[in-house]
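Fold and geometry: a report
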Amino acid sequence: MSQKISPPPTPTSLQTLVSNEREFSWKVASNLFVSFKYAWAGISYSFQTQRNFRIHVSVCALAIALSVFLHLQAVEIAVIGITSGLVLALELINTAIESLVDLTVKQTYHDLAKIAKDCAAGAVLVSALVAVLVAGTLLLPPLVTLIISAL
């Protein structure tokens, strides 16, 4: 069951974020450099438009910086980096799914579009909770020890 919410949007800042050079984005990238350029454009778009992506990047940087500051073992820093990277990757996939769903259903409501968006957001939430659990397990003991020794 679909119902119209509003008319199609007028040109917005999205046009400035998505450049005209992507007019033929359906073509295969001509070389590896172009592929990396497109990937960076996706990361940049997410950073500019998605508040949660910026939050995840900040928390990831904080966790890794704290890991280095606390002199965790390399494998522990790697585990924190991997779990943080997973959260960022899933946030990018979530953004892609949301954009694709919005493109498909335009400005209308559809139950399946809601399910797709909610499940993608749920995947990010699960990975973020796991990352917090991992970081807490690895960071809290040395952090508590440092705080106690400072007192």
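Residues numbered from 1 in each chain as written. Predicted model: local features only at pLDDT ≥ 70, side-chain atom pairs only at ≥ 80, totals over all residues. Heavy atoms only, no water.

Glancing now at the overall build of the chain. Scanning the chain from N- to C-terminus turns up 5 helices and 0 strands. Listing every helix and strand of the chain by position from the N terminus yields α-α-α-α-α. In the chain, which comprises 151 residues, the proportion classed as buried is 20%. Of the contacts made within the chain by residues no fewer than 6 positions apart, 72% connect residues no fewer than 24 positions apart. In the structure as shown, the chain presents an accessible area of about 10,800 Å², 72% of it carried by carbon and sulfur atoms. (Helix = DSSP H or I, 4+ residues; strand = E, 2+ residues; numbered from the N terminus. Buried < 20%, exposed > 50% of the residue type's maximum accessible area, 1.4 Å probe, protein only. Contact = heavy atoms within 4.5 Å. Areas by Shrake-Rupley, 256 points an atom, 1.4 Å probe, with all protein chains shown as cover.)

For the rest of this paragraph, the subject is the nonpolar core. A general feature of soluble globular proteins is that nonpolar side chains tend to end up buried together. Ranked by size, the top nonpolar core spans 8 residues in total: Ala63, Leu70, Leu72, Ile80, Val134, Ala135, Leu138 and Leu139. With 4 residues, helix H5 (residues 111-150) is the single largest residue contributor to this core. Contact partners of Leu138, with chain neighbours within four places excluded, come to Leu72, Glu76, Val79 and Ile80. (Core = buried A, V, L, I, M, F, W, Y, C linked by side-chain atoms within 4.5 Å.)

The axes of two packed helices give the description: the angle between them and the distance between them. Packing of helix H4 (residues 74-105) against H5 brings their axes to within 9 Å, and their N-to-C directions diverge by 170°. By the angle between their directions, the pair H4 and H5 is classed as roughly antiparallel. Residues of the contact of H4 with H5, tallied by class, amount to 20 nonpolar, 3 polar and 5 charged. (Axes fitted to C-alpha atoms, helices over the stretch in contact; angles between N-to-C directions. Parallel < 35°, antiparallel > 145°, perpendicular 65-115°, else oblique. Nonpolar A, V, L, I, M, F, W, Y, C, P; charged D, E, K, R; others polar.)

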